[in-house]
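# Chain and residue survey
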Amino acid sequence: MPRTLFEHLSPDTGAKRILSLDGGGAKVMLSLGLLKALEDELRRRAGGSAEFRLCDYYDLIGGASTASLVAAALALGFGVDDIIDFYRRHGPAMFGRRPDDGVYVRPRFNVPRFKRSAQLLLSVRTLGSEDLRTGLAFNLMRADTGAPWVVTNHPLSRTYEPSASNPFADKRYRLSDLAVASAGGGLATDVALDVDLDEKRHGAGKGHFVESAVANPSLALFSLALDPAQRFGWKAGAEHMMLTSVGVGLRKPALSGAAFRALSTAARAAHTMRLAAYEQQLQSVVLLQGLSTSKKPWRLGDEGEDAAQVSFGTAPLLDYQRLDVALDTKPKPRRAGDPQPPMTGMERVLGRELDADTLYALDLVNNGASANLELLLEIGLAVGRTFVGSSYPDPHFDLA
């Protein structure tokens, strides 16, 4: 029998499991492939029941940017196949290609269409909805205060219920509005939400939200579970807490010196933000791996020099596993008959070679073309099966 929301959130009901989902526009389809492999394995362990959902296993699910929509759907009990079908239908409209590069300097996706699609999937449910079957967290960034803003459906949260200092309670927010606010759209757009009420209980103040440059919410979710102020009260330790961090494919934002010097000021700023986001991703993985045990430590590239397993010399604070893949590129042949470059690690897992243009397009967050979405899904499934199996997730965390 599925556990209740109270049983998921209570610190007194055994070991805890966290699922963290990276943001990435159209690339979220790759993470859905990873999630499909994960759900298949956990369903097998649960006896093969068609009714099994990831919300039955994980006690807290959180996403960043556009992945917050997937996190909300999973917490409501949607199966991964349901969300894949949703992205197949609505992904091309939400993430349709634009003539610009769609990274930071202009909207990364079609915000109005993303909002309509979120409303279609999540309806008018709020953060206090009884339909939520497990813990849910949204990671947002306020432009007006310059501070990150994390909201959850934990009933003991200080801002969940209305109070004198917080008249607009978190539980009143619609899930679709929170998903859109988390996604933001890039630096060119912002999303406004009511954050205060007047004496007639009408909106009296707006908070303005943009997409955070932090696409990996793993550290925020880990902190949320341990911070006494957040009221979760979960216990640290490799036998008490596990965290599955699901990526969307990562590529080094390499650029030659000559190419960088040729960029406009705005394009240089965009590239600098790509570098900062990339560094944040790596440091998050390195830190959590150093604080944990990992069955398969994440290494970017065949050399493994970027995010190898590092130990900080302390007892592991959690069981952590990063599920992701490097989206390496390769040069185009200059002339017919030129020797083919070696296969990338991702191509070897996939079992076939891809041309240079197709490989390059995989990392575009606004590439909602149906063929690209299907390829991202195929890659996610193939990579997911290299991580997931009899040893991961650790059977110690299996449901009774």
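Let me sum up the structure you'll find in this document. (Residues numbered from 1 in each chain as written. Predicted model: local features only at pLDDT ≥ 70, side-chain atom pairs only at ≥ 80, totals over all residues. Heavy atoms only, no water.)

Next up on the list: the pattern of salt bridges. Considering all chains together, one arrives at 23 salt bridges under this definition. The salt bridge partner of Asp-40 is Arg-43, with a shortest N-O separation of 3.9 Å. Highlighted residues: Asp-40 and Arg-43, both in helix α2 (residues 28-45), separated by three residues, approximately one helical turn. Among the residues examined, Asp-40 registers a relative accessible area of 31% and is labelled partly exposed. The class of Arg-43 is buried, set by a relative accessible area of 16%. Between Arg-352 and Glu-378 there is a salt bridge, with the nearest N and O atoms lying 2.6 Å from each other. Of this pair, Arg-352 sits in the loop between α11 (345-350) and α12 (356-361) while Glu-378 is found in helix α13 (residues 370-387), placing the two residues 26 residues apart along the sequence. Residue classification places Arg-352 among the partly exposed positions, given a relative accessible area of 36%. For Glu-378, a relative accessible area of 33% corresponds to the partly exposed category. (Salt bridge = Lys/Arg side-chain N within 4 Å of Asp/Glu carboxyl O. Helix = DSSP H or I, 4+ residues; strand = E, 2+ residues; numbered from the N terminus. Buried < 20%, exposed > 50% of the residue type's maximum accessible area, 1.4 Å probe, protein only.)

One pass over the structure, following the stated rule, counts four aromatic pairs. Ring centres of Tyr-57 and Tyr-58 lie 4.9 Å apart, and the angle between their planes is 75°; on these two criteria the pair is classed as edge-to-face. The exposure classification of Tyr-57 matches that of Tyr-58, with both residues buried. The interplanar angle of 90° and the centroid separation of 5.2 Å between the aromatic rings of Phe-232 and Trp-234 together place this pair among those described as edge-to-face. The residues Phe-232 and Trp-234 share a single accessibility class, namely buried. Members of the aromatic cluster, connected to one another through ring pairs, are Phe-86, Tyr-87 and Phe-95. (Phe/Tyr/Trp six-rings, centres within 6.5 Å; stacked < 30°, edge-to-face > 60°.)

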